[in-house]
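# Analysis of the macromolecular model
One-letter residues, chain by chain:
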Amino acid sequence: AVALEGRNRMISFLGEGNQGAGALSRTEQMVLAEQQEIRYTFNEAVENANRAIAQARFEEASAEIERGRAAAAQNPGIFAPEDIRRFNSTLADLNLRLERERARAIAQAEEARNAAEAERIRQQAIADRTRRERTVADLIVTARRLTDEGKYREALGVVDQILVLEPRNDYALGVRPLLEDKSNF
C-alpha cells in the first residue's frame, strides 16, 4: 500500500498522472484486501478441519469445511478460475478425507463392540461351564450318598441327571449299569 501510494505521488509530481489511476488503485486495493480476507478464512477453515479430522471430531470438521466453502463462494468473481478450482479441489479432498476417516472410526467402533460382545459371550460360556461342572460334582456326591444308603432307584435318577448335563461323564457312564442291576433286585 505504501509503495502504491509512493508510485501515485511520483506520477502526479511528474505530471503524467491519470485522474482515474487513484480510484483504480483504491479498487485494486479493496479487491486485494477482500481476496486476502477470503483466503485467510478459507485456509483457517481448512486447517481447523484437518485438525478436527485428526482428533476424530467429525461434526466440527464438517462445520469447518462448510465455513471454507462459504468463504470460497463469498465473492468468486474476484479470483482467477485456477484459484476457484484450487478452492474446490481442496474442499473435495478434505471432504473425501473426512468421510474416509469417519468410516474408519465407525469400523473401529464396530470392531470394538464385536470384540466386547465376543468377550462377553466367552465369559458367559466359562461361567456356564463352571456352573455345570459344579452341579455335576454336587450330583455325583448326592448319587454316592444315595448309593451308600442303599437308595439305588434315587441314585439312578441322579445319575440320569448327570448324563443329561454331561452325556460323556465317566462316573455316570460307569456306575449307571451297576445301579440298574442293584435297583432291580
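On to the overall build of the chain, then. Scanning the chain for helices and strands turns up six helices and zero strands. For the chain, the α and β elements follow one another from N to C terminus as α-α-α-α-α-α. Taken over 185 residues, the chain has a buried fraction of 23%. A fraction of 58% describes how many contacts in the chain between residues 6 or more apart in sequence connect residues 24 or more apart.

Moving on to unusual backbone geometry. Only a minority of non-glycine residues have a phi that is not negative, and only a minority of peptide bonds are not trans. Positive phi values are uncommon outside glycine, yet Ala-56 reaches one of about 60°. Within the secondary structure layout, Ala-56 lies in the loop between helix 2 (19-54) and helix 3 (58-73).

With that settled, the discussion passes to the confidence of the model for the chain. Low pLDDT marks stretches whose predicted atomic positions should not be read closely. When pLDDT is averaged along the chain, the result is 89, and 88% of the positions lie at 70 or above. Per-element averaging of pLDDT across the chain places helix 1 (residues 2-14) at the bottom with 65 and helix 3 at the top with 95.

Our next topic: the nonpolar core. In this structure, Phe-42, Ile-65, Leu-94 and Leu-98 are the most contacted members of the largest nonpolar core, which totals 17 residues. Of all the secondary-structure elements, those providing two or more residues to this core are helix 2, helix 3 and helix 4 (81-148). For Leu-98, the residues in contact, after removing those within four places along its chain, are Ile-53, Phe-58, Ala-61, Ser-62 and Ile-65. The next biggest cluster of nonpolar side chains, apart from the first, holds 15 residues, and it includes Leu-139, Ala-143, Leu-146 and Ile-162.

This part takes up helix 6 (residues 170-184). Helical geometry: 3.6 residues make up each α-helical turn, so side chains three or four residues apart lie on a common side. In this model, helix 6 (15 residues) spans 22 Å end to end at C-alpha, consistent with the 21 Å of a helix rising 1.5 Å per residue. Residues of helix 6 that are buried: Tyr-171, Ala-172, Val-175, Leu-179 and Ser-183. Where the residues of helix 6 are buried, they touch helix 4 and helix 5 (152-165). The residue sitting at the N-terminus of helix 6 and contributing the capping side-chain oxygen is Asn-169; that oxygen lies 3.0 Å from the backbone nitrogen of Tyr-171.

Tracing the backbone shows Asn-169 in the loop between helix 5 and helix 6. Dropping the residues within four chain positions of it, Asn-169 is found in contact with Val-136, Ile-140, Ile-162 and Leu-163.

On to helix 3. Between its first and last C-alpha atoms helix 3 spans 22 Å; for 16 residues at 1.5 Å apiece the expected length is 22 Å, and the two agree. Within helix 3, burial applies to Phe-58, Ala-61, Glu-64, Ile-65, Gly-68, Ala-71 and Ala-72. An end-on view of helix 3 places all buried positions within 135° of arc, on one side of the element. Exposed and oriented more than 90 degrees from the buried face of helix 3 are Glu-59 and Ala-73.

Parameters at a glance
- Residues numbered from 1 in each chain as written.
- Predicted model: local features only at pLDDT ≥ 70, side-chain atom pairs only at ≥ 80, totals over all residues.
- Heavy atoms only, no water.
- Helix = DSSP H or I, 4+ residues; strand = E, 2+ residues; numbered from the N terminus.
- Buried < 20%, exposed > 50% of the residue type's maximum accessible area, 1.4 Å probe, protein only.
- Contact = heavy atoms within 4.5 Å.
- pLDDT = per-residue confidence, 0-100.
- Core = buried A, V, L, I, M, F, W, Y, C linked by side-chain atoms within 4.5 Å.
- Expected span 1.5 Å × (residues − 1).
- Polar contact = N/O pair within 3.5 Å; in protein donor to acceptor, adjacent residues only side chain to side chain.
- Arc of directions from axis to C-beta.

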